[in-house]
Amino acid sequence: ANERTLSIIKPDAVAKNVIGEIYSRFEKAGLQIVAAKMMHLTQEQAEGFYAEHKERPFFNDLVAFMTSGPVVVQALEGEGAILKNRELMGATNPKEAEAGTIRADFASSIDANAVHGSDSAASAEREVAYFFNDNEICPRG
Ligand code: CMP
């Protein structure tokens, strides 16, 4: 089915100047960028976004990292977009990510892992709405 998913290019990948290379991978895989913005997340925005991880031991480090520099947030649309984006990203831990995936090529650790992508239809819906109003989403139709 045609789906939307939320993608974040994290501070490490922005600092490495690979925004365009990552966008190319989305586009070459048939995903359209239907909304996009660069922003420097506040602590409150990062904590709210990752609320489901609040009790995890890595939560404070995750929030500190995600607020350490600018990120680029986008909604991707296409056939099976949620799974397709997860395949493009590779495993959360770049040491386990398959060759040729975004994390294998650009990530250096499980924290500085280059990208985030929604992991289910429910989280995609919540995460796209967390960053974008309906009038900021521009599907090509
Ligand atoms: P992300 O897809 O953005 O979702 C939560 C993030 O927490 C994850 O990517 C990792 O960057 C980070 N993280 C740090 N440690 C862990 C861990 N042990 N398991 C899962 N995620 C972790």
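Refer to the structure presented above.
For clarity, every value in this text was computed on a predicted model and none was experimentally measured.

Undergrad: Hey, could you go over the site of the ligand for me, with residue numbers and the actual values?
TA: Near the ligand, the surroundings consist of Lys10, Tyr50, His53, Phe58, Leu62, Thr92, Arg103, Ile110, Asp111, Asn113 and His116. Residue Lys10 places a side-chain N or O atom 2.7 Å away from an oxygen atom belonging to the ligand. The separation between an oxygen atom of the ligand and a polar side-chain atom of His116 is 3.0 Å. Bound to the protein, the ligand loses 78% of the 450 Å² it would expose on its own. By residue class, the composition of the shell around the ligand is 4 nonpolar, 4 polar and 3 charged.

Undergrad: Which residues make up the sheet that holds strand 4 (residues 115-117), and what values do they have?
TA: What the 4 strands build is an open sheet, ordered 2-3-1-4; its pairing is antiparallel. Across the chains shown, the open sheet's two edge strands, defined by having one partner strand only, are strand 2 (32-39) and strand 4. Geometrically, the sheet is characterised by an average inter-axis angle of 20° between neighbouring strands, direction not taken into account. Packing against the sheet, helix 7 (residues 121-131) makes contact with strand 1 (2-9), strand 2, strand 3 (71-79) and strand 4, and its axis sits at approximately 55° to strand 1.

Cut-offs applied
Just so you know, the residues in each chain are numbered from 1, in the order the chain's sequence is written. Selection of residues for local features in this predicted model requires a pLDDT of at least 70, selection of side-chain atom pairs for listing and counting requires 80 or more, and totals for whole chains, interfaces and linings are taken over all residues. With hydrogens and water excluded, all non-hydrogen atoms of the structure serve as input to the side-chain values. It suffices for a single heavy atom of a residue to lie within 4 Å of a molecule or strand for the residue to be listed as near it. For the purposes of these results, a polar contact is taken to be a pair of N or O atoms within 3.5 Å, where, inside protein, one atom must be able to donate a hydrogen and its partner to accept one; residues adjacent in sequence count only when each atom of the pair is a side-chain atom. Working definition of accessibility: Shrake-Rupley area with a 1.4 Å probe, residue cover restricted to the visible protein chains. The nonpolar class holds Ala, Val, Leu, Ile, Met, Phe, Trp, Tyr, Cys and Pro. Asp, Glu, Lys and Arg form the charged class, and all remaining residues, Gly among them, are polar. One bridge is not enough; two strands pair if DSSP finds at least two bridges between them. For the purposes of this entry, the term helix denotes a DSSP run of H or I that reaches at least four residues, the term strand denotes a run of E that reaches at least two, and both are numbered from the N terminus. Axes here refer to lines fitted to C-alpha atoms; in helices the fit is confined to the stretch in contact. Angles between the N-to-C directions go from 0 to 180 degrees. We call two residues in contact whenever any of their non-hydrogen atoms come within 4.5 Å of each other.

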